[in-house]
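Examination of the molecular architecture
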Amino acid sequence: MAARAEALPAPKARRSAAPGLAVGLSTLYLSIVVLLPLAALAWHAHGWDAISNHQAVSSLKLTLALSLFVAVINAFAGTAIAWTLVRDRFVGQSFVNALVDLPFALPKIVAGLTLLALYGPRSPVGVDVAFTRWAILFALLFVTLPFVVRTVQPVLLELDTEMEDAAASLGASRFATFRRVILPNILPAILSGVALAFARAIG
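First, a word on what this report is: a plain description of the structure on this page. (Residues numbered from 1 in each chain as written. Predicted model: local features only at pLDDT ≥ 70, side-chain atom pairs only at ≥ 80, totals over all residues. Heavy atoms only, no water.)

Further remarks concern the overall build of the protein. Looking only at helices and strands, one finds ten helices and zero strands in the protein. Secondary structure elements of the protein, listed N to C terminal, follow the sequence α-α-α-α-α-α-α-α-α-α. Burial statistics for the protein: of 203 residues in total, 23% are counted as buried. Across the protein, contacts joining residues at least 24 apart in sequence account for 68% of those joining residues at least 6 apart. (Helix = DSSP H or I, 4+ residues; strand = E, 2+ residues; numbered from the N terminus. Buried < 20%, exposed > 50% of the residue type's maximum accessible area, 1.4 Å probe, protein only. Contact = heavy atoms within 4.5 Å.)

Structural data, given as structure tokens:
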């Protein structure tokens, strides 16, 4: 009976009744949401000269450079914050954990006014960076803070600590354990968070 069951051919995978329908609907949706607005923007830009002049190129370079810089900072700071929230216990931890999500909940105009009040001409801390590159950097750091933290945090929560204990019992230092055991497991999450932060900063 078992030999007969093994001789039976494997069931064929069912094919979609309308294989092109999903592709067509996806293309239509993307065309309406993405391609048409981009085409309208290019049409009203009055040609290539409008986006290739000195001011436009300078603004694009500034945006890309600061976004890349912010993404790199978030890779280290976000991982450190996620590690602290998962592996350490301290007073006010729940408050800090909720504070990480503040840029998601706070409207952009409110965030801008808050940063202007804190780091503007009437700064209570004596730091005035309004209308400078530093102001853009602070704003981008604020709005992109949660991405790396929230992508790395669940991976750290699910990480098996027995591998770290085994590495420590074999004489590995904390840095070696992090580099060889922990980092390979959380690196995909870090890269995902960096990509999300970079995309948000560009936006």
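Now, onward.
Between helix H7 (residues 108-119) and helix H8 (residues 133-158), whose axes approach to 11 Å, the crossing angle comes to 130°. If you check the angle between H7 and H8, you find them oblique. When the axes of H7 and H8 are compared, the crossing they make is right-handed. On H8, the residues touching Ala-111, Leu-115 and Tyr-119 of H7 are Phe-138, Ala-139 and Phe-142. Its residues placed into classes, the contact of H7 with H8 shows six nonpolar, no polar and no charged. (Axes fitted to C-alpha atoms, helices over the stretch in contact; angles between N-to-C directions. Parallel < 35°, antiparallel > 145°, perpendicular 65-115°, else oblique. Left-handed = near helix turned anticlockwise from the far one by under 90°. Nonpolar A, V, L, I, M, F, W, Y, C, P; charged D, E, K, R; others polar.)

Running from N to C, helix H4 (residues 54-87) and helix H5 (residues 93-100) point in directions that differ by 145°, and their axes come no closer than 10 Å. The two elements H4 and H5 cross, and the hand of that crossing is left-handed. In contact with Ile-81, Thr-84 and Leu-85 of H4, H5 contributes Gln-93, Val-96, Asn-97 and Val-100. Taken together, the residues of the contact of H4 with H5 sort by class into four nonpolar, three polar and no charged.

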